[in-house]
Amino acid sequence: MALDKNQIELDLKSALSEIANTKNFDSLKQVKIDHLGDKSPLARANQSLGSLDAKDRSDFGKFIGDARSQVNEAFRKKTEELESERDVQVLQTERVDVTLAKPRTLEGGLHPLTILTNEISDLFIGLGYNVAEGPELESEWLNFDALNIPADHPARSMQDTFFIEPLEAKLVLRTHTSPVQIRTMLTQKPPIYVICPGKTYRADELDATHTPVFHQVEGLVVDENITMADLKGTLDYFAKSIFGNDVKTRLRPSFFPFTEPSAEVDIFFNGRWIEWGGCGMVNEKVLIACGVDVKKFSGFAFGMGLERTLMVKHGITDMHDIVEGDVRFSQSFGVGKK
Amino acid sequence: MKLPLSWVKEFVNLPAKITAEQISQAFTRVGFEVESIEYQGQDLKGPLVVGKVLSIEELTEHKKPIRYVGLDVGSGKKRFVICGARNFKVNDLVVVAIPGAVLPGNFVISSRQTYGKLSDGMICSAKELGISEEHAGIIVLPEGKIGCDAIKLLEITDVIFDIAVNPDRGYAMSIRGLARELAGSLKCKFIDPAELVKNSKLKSLNSAKAITVKIEDKTGADQIFIRTVENVNAKRQTPIWMQRRIEKCGMRSISLAVDITNYVMLELGQPLHAFDAAVINGGLKVSRANKFTKLTTLDKVERKLQPDNLVICDSNSVLALAGTMGGLASEVTHETKRIALEAAHFNPSSVAKNSRFHKLSSEASRRIERNTDPALTEIASGRAAALLIELADAKYVGSSSAGIAIKKRKVKISIESISKLIGKSYSIKQVRDALLLIGCKVMGKGAVLNIEVPTWRPDLESSADFAEEIARLTGYEVIPLTLPVGKAGAKLSDMQIRRRQVATSLANQGFTEVINYPFVSQELIDLLGFTGDRAKSFRLLNPMSEDAPLLRTHLIPGLLTTLGRNLSRGAKDLAIFEIGTVFRNTAKTIKGQSPETNKRPSAKTIQEIFASVPKQMLFVAGVVSGEKLKSTWQGEGSKFDWSDAVSKVIEIITATGNNFEIANCELAPWHPGRCAEFKVDGKVVAHAGEIHPRVLAELNLPERSCAFAVILSELPVSKVIKPSKILSMPAVVQDVALVVESHVSASELEHSLKIGAGDLLESINLFDRYDRIGAGKISLAFTLTFRASDRTLTSDEVAKYRDQAIEQAKKDVGAVPRV
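Throughout this description, residue numbers start from 1 for each chain and increase along the sequence as written. Written order decides the labels, with chains lettered from A and ligands numbered from 1. Owing to the predicted nature of the model, reporting of local features is limited to residues with pLDDT of at least 70; listing and counting of side-chain atom pairs is limited to 80 or more, with chain, interface and lining totals taken over all residues. Neither water nor hydrogens contribute to the side-chain values; these are computed over all heavy atoms in the structure.

Named according to an unreviewed UniProt entry, chain A is Phenylalanine--tRNA ligase alpha subunit originating from freshwater metagenome. UniProt positions are given in the numbering used here, feature names are shortened, and annotations may be inferred rather than shown by experiment. In the Sequence similarities (unreviewed entry) part of its UniProt record, chain A is described as follows: "Belongs to the class-II aminoacyl-tRNA synthetase family. Phe-tRNA synthetase alpha subunit type 1 subfamily."

Okay, structure coming up:
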């Protein structure tokens, strides 16, 4: 068979044009047989190279090779093009309505009092305080006497106490977490830096702002040269950490048997002064009852209601929501929303 | 303590333009919280005049008796008004609102036709004028000029502050004390009402005839003053000014003699009691009740006395519960001619005991419990005697007193120690000024001041007590802010970390945390079937409600109650948990210790105190009900079952780094066939499973609800984890299916297989359970995965291990391969 460059060019054109016009994989398959297969014009031309003399063979060989690689390249591109079109179509048919998806498992959540306790614990750990805990059913001596609240003092009736039968056991449900402070001072030597979060009890009827079972966090520092200025600075730092940097704090003179001087701490939040907790310099009588050397050490203490803190911070208006265990309440806080 | 502005003004030179709000802030600044401010007469508009009753016509044809009253109101013309009250007669002086007047509540008075008559005004009660709650009848005035302005006469327009007085400030339960504080806060001049009392003017008629007094029990009182007056006209009425002040302070006007004692108490802070001296046999004594067993008090209650009650008695009987309430027998009546006025400095805790034992809290006892000024006994009794002379025509007989001389307490105060405690340096002048304001005498000008403490401030003892006075009077706001930082290495304890991890993990797995009250009823404990230690509860002496007087021994009762509450509010699928303390009354009650607090108790006593407090375990427990995987458009969900509760416990125990043993057990309140017991180091630490169907039915909770409970505080703290080397050679897997008696547990069989399979067994996993074989047998199928550290295992070698495993299971639990 004689080779003709014009014919080869025609074959090339025809191959390229057929490839270009191919619309689907079926015709692509045919095009491959027609123009790239063993029986395709260019393949045949290639096969007949052997009959040429050396010079022509080289010349035609190059010419045909060139043409075939053009066809190969066009075919490769077309294949890619069609595959990509097919992929788009296939994925399109697999489209879903993503808004259908919802968690099928239950929504959980921590009680916000737990979240708040953790937040406060972490912030005081950052200040070098440990977190001290103690029993809720507590000895009267630790809950009252050691805190300079003698049996017949009116301060003892300031706190409506739950007593346990029999009275001789001298056991109460602790009315504050202060007995933890006493336990700490009886078992550790100063310097002492602790906070005491926990459950506390007073015989108040449940209403919008009171609950007989509530939570407190108290702080106690006993060290050399501890002053009321230290107390003020610590409470201001505490308040800003919980309520934000815009909050202001103030101390107001007050009375607690276990502190002297004593104060109420108020915060200015959302445009008004709100009573937040009590505080003061630890009364010497309390330090003495715990064996602390009052010539060397002084201390401060403070205490806040966590329910109250939570209500102020989050604008909760009804205590019932906090105590009733309705899952919707805790769920709105997730596992640690601020 | 209620404080009328008009009264306090007598003793404090207030700036002319000061507002009630500013006064309130001045009190707050020095530690006296103003709980409310009442503006009396603010919404009252005249004309309100004094009228004399000229005639009374009874109108009887109506549902209730009505009076048509003719009045002289000073206008020359007789004015007629309709009146429903009946507590007045012709010639009485009454308060008349003339048409045009406006009473509180925007009640406009006009002439109107009623009960068939023209009513041209109104005769007023105290309540209608907004000056007291008294509405039993209209006001009958003891005095007053006809036609004069009753608003002025009754001193209606006033501001009344309700002030919270802290228990350490007994002196401030008086106009005297509060006036001093107000003057101190505002830096105004203060006149001490006690210094205005001039007892030297009391000339005794015949001291020998005065009632005598003795203190028999020196622990009960250290000062008592008895002043006797005679020729008392007890029928005289209390003057309006005195009545009104007593009412403004929240008390009621009773009779002239009683009103005088109350008035002096309000003004000075010293409780007084007036006895009808004719009833006293011999002299008065301060003593314990001892052999006397009964006293009928002024409130007409017959009280059974305790032998240690502090009383005032004569030789025959108890006349008063000291400092608390007088006796009815010696009450001053209209017939009384001789009065013995008592003023004493009682022991606060004795009176507190009286008051608590008899559940009788009086104006007197509230003051004495907070401690009174011993120097006032002489002054206040003299003041009251003078008022009886002035207002009831009495004649002074004389006085008798007992007790010890009043000590002028002296202390030394170092300004440096005060500055050191507060964290601000105070000048000598600041300290002096503050101490003078509270009534101290200050001597010396150096860094250490000699101070004479006023008799009304027994609370001022230590340097810190004085520091508080100086800090509050110079203002807490000037104290700087400093932030001390504690010890390096502060961190959560292992148990605190565990508690957080368990809570967070449960919350992340769809459990919601609740915090229940720990109060339960015996009925609920019985219903749940708790026995043994879990039925031994502590009982509250004074529970909130008799329905729940016990402390919880377990968390499940509270969780089931909360589950019910959520279901009743429409929830269907629930998983809730609680981490909390339980209280079990399992140890013998130890008598509580009350060592002295003036020094650290001995190590032994401290141990005894700690030991007297029962051990309280920390639990985590949860209940689940409904679907754990919700039914949706994707298909049916799946429900919680016993295995969810059991696997929750496995997760919790494993997360704490502990190994456990699990076995079936029968324990209320769980289903007897569906309860797992977990042991760690041989100790029972948890239970889980389905709640007993009977319990669920009785509590009206959904069938198949499940629960778990783990004693967090009993789980050992994990040792440091030492993981095994991760092997990279290929694993070879072998499945075995074995038939066993149905009572053989999966864990027993698994245990045998593990032992038999040898050291190269990497894991074992139960993948099938078939219980329809019959003849009391079941089939359990396991996948055994083997892996060696140094070579690829051949199937022959692995088959050998598998056969050894089956052999072991055959030996231990009679397992045979399933064919």
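### Considering the overall build of chain B
We count a stretch as a helix when DSSP gives it H or I for four or more residues in a row; a strand needs E for two or more, and each element gets its number in order from the N terminus. Assigned secondary structure in chain B consists of 21 helices and 42 strands. Taking 819 residues into account, the globule formula puts the C-alpha radius of gyration at 28 Å, and chain B, at 41 Å, lies well above it. Its C-alpha atoms put chain B at 130 × 80 × 60 Å along the principal axes. A buried classification covers 51% of the 819 residues belonging to chain B. Between the two quantities, the radius of gyration covers C-alpha atoms and the globule rule is 2.2 Å times the number of residues to the power 0.38. Accessible area is worked out with a 1.4 Å probe on protein chains only. A residue is then buried under 20% of its type maximum, exposed over 50%, and partly exposed in between.

### Describing the sheet that holds strand E20 (residues 310-313) of chain B
Residues and elements named next belong to chain B. We treat two strands as partners when DSSP finds at least two bridges between them. Read across the open sheet, the 5 strands follow the order E14-E17-E20-E21-E22; overall the sheet is mixed. The open sheet has two edge strands, strand E14 (213-215) and strand E22 (325-326), and neither has a second partner. Bridge count for strand E21 (residues 318-321) against E22 is 2 bridges, and the pairing is antiparallel. When the sheet's bridge partners are listed, leucine 321 is paired in E22 with methionine 325.

### A word on the packing of aromatic side chains
Both the distance between ring centres and the angle between the ring planes are used here to describe each pair of aromatic rings. For Phe, Tyr and Trp, rings pair up if their centres lie within 6.5 Å, where Trp contributes its six-membered ring, and each pair is then called stacked (planes under 30 degrees apart), edge-to-face (over 60) or tilted (otherwise). Per the stated rule, a full pass over the model turns up 22 aromatic pairs over all chains. Ring geometry for tryptophan 241 of chain B versus tyrosine 263 of chain B: centroids 5.5 Å apart, planes at 85 degrees, classification edge-to-face. Here tryptophan 241 of chain B is found in helix H6 (residues 240-248), whereas its partner tyrosine 263 of chain B is found in helix H7 (residues 256-268), with 22 residues between them in sequence. Exposure remark for tyrosine 263 of chain B: the relative accessible area of 2% places this residue in the buried category. Each ring, one from phenylalanine 511 of chain B and one from phenylalanine 708 of chain B, has its centre 6.0 Å from the other, and the planes form 70 degrees; the classification is edge-to-face. Taken together, the positions of phenylalanine 511 of chain B in the loop between helix H14 (494-508) and strand E28 (512-513) and phenylalanine 708 of chain B in strand E38 (residues 706-711) put the pair 197 residues apart, joining distant regions of the chain. Side by side, phenylalanine 511 of chain B and phenylalanine 708 of chain B carry an identical accessibility label, which is buried. Ring-pair connections join several aromatic residues into one group, and the members of that group are Phe124, Tyr129, Tyr193, Phe238, Phe243, Phe269, Trp276, Phe300 and Phe302 of chain A. Above the plane of the ring of phenylalanine 88 of chain B lies arginine 67 of chain B, whose end atom (NZ or CZ) is 4.8 Å from the centre. Definition used: whenever NZ (Lys) or CZ (Arg) falls within 6 Å of the ring centre and also within 35 degrees of the ring normal, the charge is taken to sit over that ring. Above the ring of tyrosine 426 of chain B, the side-chain terminus of lysine 424 of chain B is found at 5.1 Å from the ring centroid.

### Details of the side chain of histidine 215 of chain A
Of note, histidine 215 of chain A is situated in strand E5 (residues 213-223). The term polar contact refers here to a pair of N or O atoms within 3.5 Å; inside protein, the definition further demands a hydrogen-donor-capable atom paired with an acceptor-capable atom, and it admits residues adjacent in sequence only when both atoms are side-chain atoms. Among the polar contacts listed, one links the side chain of histidine 215 of chain A to the side chain of glutamate 307 of chain A, at a separation of 2.8 Å. For this analysis, residues touch if any pair of their heavy atoms sits within 4.5 Å. Those residues within four positions of histidine 215 of chain A in sequence are excluded, and the remaining contacts are Leu113, Gly198, Lys199, Thr200, Met304, Gly305, Leu306 and Glu307 of chain A together with Ile515 of chain B.

### Regarding helix H11 (residues 415-422) of chain B
Residue and element names in this part refer to chain B. Among the residues making up H11, those that are buried are Ile415, Ile418, Ser419, Leu421 and Ile422. An end-on view of H11 places all buried positions within 165 degrees of arc, on one side of the element. Trailing H11 by a residue or two, glycine 423 shows a phi angle of about 85 degrees, which is positive. Taken from the helix axis, the directions to the C-beta atoms give the arc we talk about.

### Comments concerning helix H1 (residues 5-21) of chain A
Residue and element names in this part refer to chain A. Expected helix span is taken as 1.5 Å per residue step, with the number of steps being one fewer than the number of residues. Along its 17 residues, H1 runs 24 Å from first to last C-alpha, staying within 8% of the 24 Å computed at 1.5 Å per residue. Buried within H1 we find Ile8, Asp11, Leu12, Ala15 and Ile19. Buried residues of H1, viewed axially, fall in a sector of 100 degrees; they line one side. Opposite the packed face of H1, turned more than 90 degrees from it, sit the exposed residues Asn6, Leu10, Lys13 and Asn21. Among the structural elements, helix H2 (25-36), helix H3 (41-47) and helix H4 (54-93) are those in contact with the buried residues of H1. For H1, the side-chain oxygen to backbone nitrogen distance between the N-cap and asparagine 6 is 2.8 Å, and the N-cap itself is aspartate 4.

### Comments concerning the packing of helix H20 (residues 746-757) of chain B against helix H21 (residues 795-813) of chain B
All names here are of chain B. Lines are fitted to the C-alpha atoms to define the axes, a helix being fitted only along its stretch in contact, and any angle between axes, read from their N-to-C directions, falls within 0 to 180 degrees. Put simply, H20 and H21 touch, their axes get as near as 7 Å, and they point 135 degrees apart. Our classification of the angle between H20 and H21 gives oblique. The way H20 lies across H21 gives a crossing that is right-handed. In contact with Glu748, Leu749, Ser752, Leu753, Ile755, Gly756 and Ala757 of H20, H21 contributes Tyr801, Gln804, Ala805, Ile806, Gln808, Ala809, Asp812 and Val813. With respect to orientation, any angle under 35 degrees is reported as roughly parallel, any angle over 145 as roughly antiparallel, any angle of 65 to 115 as roughly perpendicular, and every other angle as oblique. Each crossing is labelled by how the near helix is turned from the far one, with a counterclockwise turn of less than a right angle marking it left-handed and a clockwise turn marking it right-handed.

### Points about the state of the cysteines
Any two cysteine sulfur atoms within 2.5 Å of one another count as a disulfide. If you walk through the whole model with that rule in mind, you get 0 disulfides over all chains. Not engaged in a disulfide, the cysteine cysteine 279 of chain A finds its nearest cysteine sulfur in cysteine 196 of chain A; these two sulfurs lie 15 Å apart. The exposure class of cysteine 279 of chain A is buried, given its relative accessible area of 1%. Free of any disulfide, cysteine 148 of chain B has its nearest neighbouring cysteine sulfur in cysteine 124 of chain B, separated by 14 Å. For cysteine 148 of chain B, a relative accessible area of 22% corresponds to the partly exposed category.

### Comments concerning the environment of arginine 174 of chain A
Residues and elements named next belong to chain A. Summarising the element assignment, arginine 174 is placed in the loop between strand E3 (171-173) and helix H7 (178-187). For the pair arginine 174 and threonine 317, spaced 143 residues apart in sequence, the C-alpha to C-alpha distance is 26 Å. Excluding residues that lie within four positions of it along the chain, arginine 174 makes contacts with Gly134, Pro135, Glu136, Glu138, Asn143, Pro179, Val180, Gly198, Lys199, Thr200 and Tyr201. At a separation of 2.7 Å, a polar atom in the side chain of arginine 174 contacts the main-chain carbonyl oxygen of lysine 199.

### Focus on the pairing of strand E16 (residues 272-276) of chain B
Residues and elements named next belong to chain B. Of all 5 residues that make up E16, 5 are buried, and the element is covered over most of its length. Across the two faces of E16 the burial is the same, with Leu272, Ala274 and Asp276 and His273 and Phe275 all buried. For E16 and strand E23 (residues 339-346), the ladder comprises 5 bridges, and the chain directions are antiparallel. Bridge pairing in E23 links leucine 272 to alanine 343.

### Regarding the pattern of salt bridges
Residue and element names in this part refer to chain B. Throughout this description, the term salt bridge denotes a Lys or Arg side-chain nitrogen within 4 Å of a carboxyl oxygen of Asp or Glu. Scanning the entire structure with this criterion turns up 61 salt bridges over all chains. A salt bridge links arginine 236 to aspartate 393; the shortest N-O distance between them is 2.9 Å. Taken together, the residues span a long stretch of sequence, with arginine 236 in the loop between strand E15 (221-230) and H6 and aspartate 393 in the loop between helix H10 (376-392) and strand E24 (395-403) at a distance of 157 residues. The exposure class assigned to arginine 236 is partly exposed, which follows from its relative accessible area of 36%. Judged by its relative accessible area of 33%, aspartate 393 falls in the partly exposed class. A salt bridge links glutamate 714 to lysine 615; the shortest N-O distance between them is 3.1 Å. Of this pair, glutamate 714 sits in the loop between E38 and strand E39 (732-741) while lysine 615 sits in the loop between helix H17 (603-612) and strand E32 (616-625), and the two are 99 residues apart along the sequence. Note on lysine 615: relative accessible area 60%, which makes it exposed. Through salt bridges with shared partners, one network takes in Arg169, Glu181, Arg457, Asp459, Glu468, Glu469 and Arg472.

### Topic: a negative patch on the surface
Like-charged residues are merged into a patch within 9 Å and nonpolar side chains (Val, Leu, Ile, Met, Phe, Trp, Tyr) within 5 Å, provided each residue has over 30% relative accessible area and no salt bridge. Only the protein chains shown count as covering a residue, and every accessible area follows the Shrake-Rupley method with a 1.4 Å probe. None of His or the chain ends enter the tally, which takes Lys and Arg as positive and Asp and Glu as negative. Charged groups are reduced to one reference atom each: NZ for lysine, CZ for arginine, CG for aspartic acid, CD for glutamic acid. Together, Glu523, Asp526, Glu546 and Asp547 of chain B line one region of the surface with negative charge. Locating aspartate 526 of chain B in the fold gives a position in helix H15 (residues 522-528).

### With respect to the interface of chain A and chain B
On the chain B side, the residues contacting the 104 residues of chain A number 110 residues. The term buried area refers to how much accessible surface (probe radius 1.4 Å) is lost by two components on association, counted for both of them together. Taking both partners together, chain A and chain B bury about 8800 Å²; carbon and sulfur atoms supply 59% of that area. Our count for the contact surface shared by chain A and chain B stands at 5 salt bridges. Glutamate 461 of chain B is paired through a salt bridge with lysine 285 of chain A; the nearest N and O atoms lie 3.3 Å apart. Taken together, chain A and chain B are joined by 50 residue pairs in polar contact (both at pLDDT 80 or more).

### Observations regarding the pairing of E39 of chain B
Residue and element names in this part refer to chain B. By the bridge criterion, 10 bridges tie E39 to strand E41 (residues 777-786) in an arrangement that is antiparallel. When the sheet's bridge partners are listed, valine 733 is paired in E41 with threonine 785. In terms of strand pairing, E39 meets strand E42 (residues 816-817) through 2 bridges, oriented antiparallel. In the sheet register, valine 739 faces E42, and the bridge partner there is valine 816.

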